[in-house]
Amino acid sequence: MPLSEHEQRMLEQMERALYAEDPKFATALEGSGLRTYTRRRVYQAVAGFLVGIALLMAGMVAKQVWLSVVGFLVMLGCAVLAVTGWRKAPKPGEQPSGGQQARRQPRQKRSLMDRIEQRWQRRRDEQGGH
């Protein structure tokens, strides 16, 4: 459920107060968030990609086509994870919760939720009328 505008403003005020009161603590909390998670995910994907290369080569050496195919699929999956993780990672000076992208997403979700609620209400009204 997305935050209302009032709740979002209150959250931003609390963040600013935290930065003003204890900037070192606030920076430590920021570093342990989304940026660290996505960085770790990218590193894991790179390691998986290397495992995929090893499987591909092992399949070639052992003349096992299925092993080479599995290695290729592992490489492909890890490459997709690395690229999507890298794109989602916020820039070092950027705050993940205060950017424009974070404000766009709730609107899209809200419109989806509005449509679902409208459909639900329409079905309830149709069933109640019969």
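Residues numbered from 1 in each chain as written. Predicted model: local features only at pLDDT ≥ 70, side-chain atom pairs only at ≥ 80, totals over all residues. Heavy atoms only, no water.

### Looking at the UniProt feature "transmembrane region" (unreviewed entry) in the protein
Mapped onto this numbering, the UniProt entry gives "transmembrane region" (unreviewed entry) at residues 42–60 and 66–86. Strand forms 0% of residues 42–60 and helix 100%; the C-alpha atoms that close the span are 27 Å apart. (UniProt positions renumbered as here; feature names shortened; annotations may be inferred. Helix = DSSP H or I, 4+ residues; strand = E, 2+ residues; numbered from the N terminus.)

### Re the environment of T84
Structurally, the position occupied by T84 is in helix 4 (residues 65–88). T84 gets classed as partly exposed once you look at its relative accessible area, which sits at 31%. A distance of 3.2 Å separates the side chain of T84 from the backbone oxygen of L81, its partner in a polar contact. (Buried < 20%, exposed > 50% of the residue type's maximum accessible area, 1.4 Å probe, protein only. Polar contact = N/O pair within 3.5 Å; in protein donor to acceptor, adjacent residues only side chain to side chain.)

### Things to note about the side chain of S68
By the element assignment, S68 lies in helix 4. Residue class for S68 comes out buried when judged on its relative accessible area of 9%. Beyond its immediate stretch of four places on either side in the chain, S68 contacts L55, L56, G59 and M60. (Contact = heavy atoms within 4.5 Å.)

### Focus on a nonpolar patch on the surface
Taken together, V65, V69, F72, L73, L76 and V80 make up a surface patch of nonpolar side chains, about 570 Å² in accessible area. Inspection of the secondary structure puts L76 in helix 4. (Patch = residues over 30% accessible without salt bridge, like charges linked within 9 Å, V, L, I, M, F, W, Y side chains within 5 Å. Areas by Shrake-Rupley, 256 points an atom, 1.4 Å probe, with all protein chains shown as cover. Salt bridge = Lys/Arg side-chain N within 4 Å of Asp/Glu carboxyl O.)

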